[in-house]
Amino acid sequence: MSETAADPGSAYETIRVARDGAVAIVELHRPDSLNAISLDMGRELLAALRAIAADRDVGAVVLTGAGRGFSSGADLRDVSGATTQTGRPDVAGRLRDTLNPITLTLREMPQPVVAAVNGVAAGIGCAYALACDVVIAARSASLLLAFVNVALVPDGGASLLVSARGGLGRGLEMALLGEKVSAEQALAYGLVNRIEDDERLLESALDVARGLAAGPPETHAAIKRLLNEPYLEPLRRQLELEADAQAARVESDEAVEAISAFLQKRAPRFRG
Ligand SMILES: CC(C)(COP(=O)(O)OP(=O)(O)OC[C@H]1O[C@@H](n2cnc3c(N)ncnc32)[C@H](O)[C@@H]1OP(=O)(O)O)[C@@H](O)C(=O)NCCC(=O)NCCSC(=O)/C=C1/CC=CC=CO1
């Protein structure tokens, strides 16, 4: 495995990009926070995915996380610092400019993307895992629509992607209850495609990606275009709706309290 010349891993601080032949491996790399997605990470991830999408030498991509998590979702410390000139959080801008284009790039890039979900995939991290074409979860991994736990709404496409894979009932259950869904449950719900023993996860994802990379690239691109077609416009619309809804939520008393409570490691107090 080598760092790619077209997309030098050393240029990034919050992600790692490596190459295994024609497979690009993108690793979210902020393990201390379970790969919480800061604005810097969002920008780097988007830049890396766009560079890979344009690289005809790359036939498939693996997206994974460093350490014991895939991603804990948006960095909640960073969200409280996302300000506009008025001093209020510019969450809609962040979603529209950076975080939503990541979801769309995963769906629209010509190469198949394999998610290797190595631990918890929470919040927008769950959206990114489910935006990949093939989702392989480690036996110990879990999916978590954590948004409601910090009084936020699903974003990054999660309000469509979970229901598209698992049905509206699962989408509602996960979004409203904010409970972890184990890898076994996620497989039974149709949210992930395969489960692999933890120690075999990356190799298994790489095997799938290598097989894809040896296949016909233009056909893969055409298949992605065709299978995306019924979902792309609804996904774009949903991403817009989510951005507006999240911008309103993040300023609410409920979210201010719930995010503070998470960061202070205490239970939120919503009334009284
Ligand atoms: C369930 C968890 C993901 C994992 O729990 P656990 O294994 O017990 O690990 P912890 O001890 O809780 O976490 C380890 C350390 O990581 C820090 N951390 C975890 N998540 C975040 C985060 N999202 N942001 C910042 N830091 C995080 C945690 O504080 C620990 O640090 P210390 O060791 O220093 O104490 C659990 O961690 C969890 O529920 N996390 C929060 C999930 C969440 O709410 N995610 C954000 C949802 S919102 C979103 O994804 C998207 C957006 C987009 C844009 C704008 C606005 C909002 O949302």
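Everything below is about the structure shown above.
As a starting point, this report considers the structure included with it. None of these values were measured; they are calculated from a predicted model.

Bringing the layout of surface pockets into the picture now. Rolling a probe over the atoms, with the probe sized like a water molecule, indicates the empty space that remains. Empty space within the largest pocket amounts to approximately 890 Å³. Lining the largest pocket are 41 residues; nearest its centre among them are Ser-72, Gly-73, Ala-74, Leu-76 and Phe-262. Of all the secondary structure elements, the ones that give two or more residues to the lining of the largest pocket are α2 (76-79), α3 (91-108), β7 (120-122), β9 (142-144), α9 (217-250) and α10 (253-263). Looking at side-chain class alone, the lining of the largest pocket contains 22 nonpolar, 10 polar and 9 charged residues. The wall of the second largest pocket is formed by 20 residues, among which Arg-107, Cys-132, Asp-133, Leu-227 and Asn-228 lie closest to the centre.

What follows covers the state of the cysteines. Applying the stated criterion across every chain yields a total of 0 disulfides. With no disulfide of its own, Cys-126 lies closest to Cys-132 among cysteine sulfurs, the gap being 11 Å. Exposure remark for Cys-126: the relative accessible area of 1% places this residue in the buried category.

Throughout the structure, instances matching the rule amount to 0 aromatic pairs. The ring of Tyr-189 has Arg-170 sitting right over it, with the charged end atom 3.6 Å from the ring centre.

This next bit is on the nonpolar core. By size, the foremost hydrophobic cluster in this structure holds 80 residues, and its most contacted members are Val-62, Leu-63, Leu-106, Val-117 and Leu-143. Ignoring sequence-local partners within four residues, the contact set of Leu-106 consists of Leu-49, Leu-63, Val-113, Tyr-128, Ala-131, Cys-132, Asp-133 and Lys-224. Ranked by size, the runner-up nonpolar core spans 5 residues in total, among them Leu-34, Val-120, Leu-144 and Ala-146.

With respect to the secondary-structure elements, Asn-100 resides in helix α3. Take Asn-100: its relative accessible area is 4%, and that puts it in the buried class. Not counting chain neighbours up to four residues away, the residues in contact with Asn-100 comprise Leu-95, Gly-156, Leu-239 and Ala-243.

Below, the discussion takes up the site of the ligand. The full set close to the ligand counts 28 residues, and Arg-68, Ser-72, Ala-74, Ile-124 and Lys-265 are the nearest of them. Leu-76 places a polar main-chain atom, nitrogen or oxygen, 2.9 Å from a nitrogen atom of the ligand. Ile-124 is positioned with one of its backbone polar atoms (N or O) 2.9 Å from an oxygen atom of the ligand. The protein chains hide 77% of the 1000 Å² of surface that the ligand would expose on its own. Among the cavities detected, the one that contains the ligand is the largest pocket. Every element with two or more residues in the shell around the ligand is listed here: α2 and α3.

Criteria and cut-off values
Residues numbered from 1 in each chain as written. Predicted model: local features only at pLDDT ≥ 70, side-chain atom pairs only at ≥ 80, totals over all residues. Heavy atoms only, no water. 1 Å grid on protein atoms, 1.4 Å probe; cavity = no way out; pocket = protein on both sides within 12 Å on 5 of 7 lines; lining within 4 Å. Points joined across faces, edges and corners; volume = space filled by probe spheres on them. Helix = DSSP H or I, 4+ residues; strand = E, 2+ residues; numbered from the N terminus. Nonpolar A, V, L, I, M, F, W, Y, C, P; charged D, E, K, R; others polar. Disulfide = S-S within 2.5 Å. Buried < 20%, exposed > 50% of the residue type's maximum accessible area, 1.4 Å probe, protein only. Phe/Tyr/Trp six-rings, centres within 6.5 Å; stacked < 30°, edge-to-face > 60°. Lys NZ or Arg CZ within 6 Å of the ring centre and 35° of its normal. Core = buried A, V, L, I, M, F, W, Y, C linked by side-chain atoms within 4.5 Å. Contact = heavy atoms within 4.5 Å. Near = heavy atom within 4 Å. Polar contact = N/O pair within 3.5 Å; in protein donor to acceptor, adjacent residues only side chain to side chain. Areas by Shrake-Rupley, 256 points an atom, 1.4 Å probe, with all protein chains shown as cover. Sits in = over half its atoms within 2 Å of the grid points.

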